[in-house]
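# Summary of the model geometry
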Amino acid sequence: VEILNEESSAIGGIVGIISTGKILDCSNFGDVSTEGRHCGGIMGVTHTEEGCYAGVERCVNTGNISGYDRIGGIAGKLGGHIKKCYNEGQITGTSEDIGGICGQLETTNGGTICNTYNKGKVIGGTKVGGIIGAVYTNTKEANINNNYSVGIIEIQGAVEYVGGTIGVISTS
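Quick caveat, the model's predicted, so the values are computed rather than measured.

Rules behind the numbers
- Residues numbered from 1 in each chain as written.
- Predicted model: local features only at pLDDT ≥ 70, side-chain atom pairs only at ≥ 80, totals over all residues.
- Heavy atoms only, no water.
- Phe/Tyr/Trp six-rings, centres within 6.5 Å; stacked < 30°, edge-to-face > 60°.
- Helix = DSSP H or I, 4+ residues; strand = E, 2+ residues; numbered from the N terminus.
- Buried < 20%, exposed > 50% of the residue type's maximum accessible area, 1.4 Å probe, protein only.
- Pairing = 2+ DSSP bridges.
- Axes fitted to C-alpha atoms, helices over the stretch in contact; angles between N-to-C directions.
- Salt bridge = Lys/Arg side-chain N within 4 Å of Asp/Glu carboxyl O.

## So, the packing of aromatic side chains
- Scanning all chains against the criterion turns up 2 aromatic pairs.
- Ring geometry for Tyr-86 against Tyr-117: centres 4.7 Å apart, planes inclined by 5 degrees, an arrangement best described as stacked. With Tyr-86 in strand β15 (residues 86-87) and Tyr-117 in strand β20 (residues 117-118), this pair connects stretches of sequence that are 31 residues apart.
- Ring geometry for Tyr-117 and Tyr-148: centres 5.3 Å apart, planes at 10 degrees, overall stacked. One end of the pair, Tyr-117, is in strand β20; the other, Tyr-148, is in strand β25 (residues 148-149), and 31 residues separate them in sequence.
- Owing to a relative accessible area of 43%, Tyr-148 belongs among the partly exposed residues under this scheme.
- One aromatic cluster is present, formed by Tyr-86, Tyr-117 and Tyr-148 through successive ring pairs.

What follows is the structure, given as structure tokens:
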């Protein structure tokens, strides 16, 4: 999948956008590329409004994923959970919120990332992590456990908010 439009958003190897429900037992082996945001190997984005909660379980991405911001091996922007998933593709974002599993986790309705791993290289500008680029815990806590990343992290530009697991956790 290649989208050549800066305004593009919600691009996924399996699903572009989901409000509620689960994506189970899926694999993406193809590259996903956009000049826009919210791009992931399995899904682009979940709605984070009150009452929306989606999950991804037992999914695999081996394709290379690239975009502007909120880019992840499994999900670009998540308001829900990712469990028992892994990424082996290279993840590249030219701006912020870039992660091997999830670019941005927002916990309006709760958020969990557990039992995942990343083996792919992660390249980004700022807020870059081997598992999650940025976590925003505004009303509910984030549950992040039993994850690991062995992929190389490469920063393009000034080094700011970079972590082997999580780039930044913000309570705002």
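Following the structure, the description resumes.
## Observations concerning the sheet that holds strand β9 (residues 54-57)
- Strand order in the open sheet formed by 5 strands is β4-β9-β14-β19-β24, with parallel pairing between adjacent strands. Each of the sheet's edge strands pairs with one partner strand only, and the pair in question is β4 (21-24) and β24 (142-145). The average undirected angle you get between the axes of adjacent strands in this sheet is 5 degrees.
- Strand direction decides the pairing type here: β4 and β9, joined by 4 bridges, are parallel. Bridging across to β9, Lys-22 finds its partner in Gly-55.

## Section: the environment of Glu-35
- In this fold, Glu-35 is placed in the loop between β6 (32-34) and β7 (37-40).
- Separated by 33 residues in sequence, Glu-35 and Tyr-68 place their C-alpha atoms 5.7 Å apart.

## Some words on the pattern of salt bridges
- Under the definition given, this model contains 8 salt bridges.
- Taking the shortest distance from any N to any O, the salt bridge between Arg-58 and Asp-25 comes out at 2.7 Å. Taken together, the residues span a long stretch of sequence, with Arg-58 in the loop between β9 and β10 (60-61) and Asp-25 in the loop between β4 and β5 (27-28) at a distance of 33 residues.
- For Arg-58, a relative accessible area of 38% gives the class partly exposed.
- One salt bridge in this structure joins Lys-121 and Glu-154, with 2.9 Å as the shortest N-O distance. You can see Lys-121 sitting in the loop between β20 and β21 (122-124) and its partner Glu-154 sitting in strand β26 (residues 153-155), a full 33 residues away along the chain.
- Connected through shared salt-bridge partners, Lys-22, Asp-25, Glu-57 and Arg-58 make up one network.

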